[in-house]
Each structure stands twice: as C-alpha cells, then as structure tokens.
Amino acid sequence: MPLPDLDPEDALIDEACKTLRLPTIRARYEELTVSARRDQFSYKQFLADLLDVECQDRDVRRKQRLVRAARFPRPKRLEDFDFDANPNVTPEIIGSLKSTAWALEGRPLVLIGDSGTGKSHLLIGVGTAMAEAGLSVRYTTTAALVNELAEAEAGRHLSSTIARYTKVDLLCLDEFGYLTLDKKGAKLLFQIFTEREERKATAVASNAPFGEWDKTFTDPRLCAAVADRLTFKCTLIETGTDSYRLATTEAEQARNV
C-alpha cells in the first residue's frame, strides 16, 4: 500500500520501484530530481541518471554477494600486500592475476612457501579480485574439503558435492600439503582436480615444494597425477622461507622496548 505521507505521484513511484525491485532509485529519486531541476537536465538525462545509479549500486551489491559466497576466513586484498617485505613476490606477476583471463582459461595457480610468507594473503586476495570481477569463487582448506567429501560419500551425496565444487570458476584451496591424506581422502580430493582440469581454475597455497607432495599423497601414481594437473600451464609463485609476519612482530616489539 502507498505510504500515507506521500503525494500520489511519489506514492506511485515508490510502489513501482518496489514492484520492479529498484531500491536505489526508490531511495534516491528525490535527491536526483532536485539535481536535475537545478541543472536543467532533459527528461532523457534525468532518466539516464536514475538508471545509472541503480546499475552502479546493483553492481556493488553483486560483487559483495560473490565475495560473501566465497567464504573467505578474513578480508585480504592484493593492493594491501607488502611487496617490500617479501621481495620474492613481484608486483608484475600479482598484477597479471587481477585479470580474469587465466581463471576463465582454467589455468592453475600454485603458491609455495613457508608459513608467514604471504601465501594465504595472496590466495584470498586473488580470490577476492576474481569475485569482484564477477566470477564465482569458493575458498576452503584442504582438510575441510577432504572431510566434507568424506561426509558426502558416507551420506550418499558425493556426486552433488563434487558437482558443486566443479561449477565454481575459481577454487581456492589453502593449507595444501599441511597434512598426510589417507588413500581414501587423497582419491576424493583427486576427483575434484580431475573434474576441474583445464575447465575451471584452481589455486592452491602450499608450504611444501613439489618434491615433498608425496608426504601428502603417499601413493606415488596419485601424487604424480595431482602434481600434473596442478602444474600444467600453471602460474607458480614461490613466496620464500623468511616469515615477514614474524619479522613484523619482532620489529613492533623492538619499537615498544
């Protein structure tokens, strides 16, 4: 029902905006009407302004939805990465990952380095950039994904779970190589990589170099197959061994002494 304090024209606009789901126009049309009268806009200019603010706001809300859907554990952006603290990572390579081209081509991204060297920051930052560019993204840890797949298999809905992870444009898999997987868990995870191979992009952050992946995948053939799928046409970023997170903490403590 129209609000009682609105004149008939305002009430009609309000109802139409609700029906057509135009919340930004509904909230701002009076403000834009004042501006249009002041600047003597034509009807066409006024209409263009109304539609433009709605489109801009809708785009912002869409990006926010995609970032929320990715389920990142904390906010991280590529723009906030400290390249001075970690010279192993170059701005040029990270800049190239802001383009959606590599993800749309289904190319893998592999981040390798010790704890505290920025792997998770970069993984979440890349994922956030892709979500804001309009791609569907999902973040999870290796342990959480394997557990989810095992529970899905026990509950007889493994196929639908694998399909859900197969559909996303970018899968961000953190803490890869932190634990040893049993044969069942390794095979379940391998199914995800196989389904996504060369069709959907997968990004992993690992504290173990390729030569140590056999500690995670104890079956040599399975280990080789996983490595093959994650390295084919991949972008490899080695973040090094020096923890700048620890260095930052030590520097702050030294300043406080």
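All of these numbers come straight from a predicted model, not from anything done at the bench.

**Q** Go over the packing of aromatic side chains, please, and point to the residues and values.
**A** Throughout the structure, instances matching the rule amount to six aromatic pairs. An angle of 40° between the planes, with centres 5.8 Å apart, marks the rings of Phe 176 and Phe 217 as tilted. Linking Phe 176 in strand S3 (residues 170–176) with Phe 217 in the loop between strand S4 (201–206) and helix H10 (220–231), this pair joins segments that are 41 residues apart in sequence. Look at Phe 176 and you get buried, because its relative accessible area is 0%. On the basis of relative accessible area, Phe 217 is assigned to the buried category, the value being 0%. Both rings, one in Phe 210 and one in Trp 213, keep their centres 4.9 Å apart while their planes meet at 70°; by these two values the pair is edge-to-face.

**Q** Explain the packing of helix H1 (residues 8–20) against helix H2 (residues 23–39) residue by residue, including any values.
**A** What describes two packed helices is the angle between their axes and the distance between those same axes. Taken N-terminus to C-terminus, the directions of H1 and H2 make an angle of 150°; their axes are 8 Å apart at the nearest point. One finds that H1 runs roughly antiparallel with respect to H2. Facing H1, whose interface residues are Asp 10, Ile 13, Asp 14, Cys 17 and Lys 18, H2 presents Ile 25, Arg 26, Tyr 29 and Glu 30. Across the contact of H1 with H2, the residue classes tally to four nonpolar, no polar and five charged.

What counts and how
Residues numbered from 1 in each chain as written. Predicted model: local features only at pLDDT ≥ 70, side-chain atom pairs only at ≥ 80, totals over all residues. Heavy atoms only, no water. Phe/Tyr/Trp six-rings, centres within 6.5 Å; stacked < 30°, edge-to-face > 60°. Helix = DSSP H or I, 4+ residues; strand = E, 2+ residues; numbered from the N terminus. Buried < 20%, exposed > 50% of the residue type's maximum accessible area, 1.4 Å probe, protein only. Axes fitted to C-alpha atoms, helices over the stretch in contact; angles between N-to-C directions. Parallel < 35°, antiparallel > 145°, perpendicular 65-115°, else oblique. Contact = heavy atoms within 4.5 Å. Nonpolar A, V, L, I, M, F, W, Y, C, P; charged D, E, K, R; others polar.

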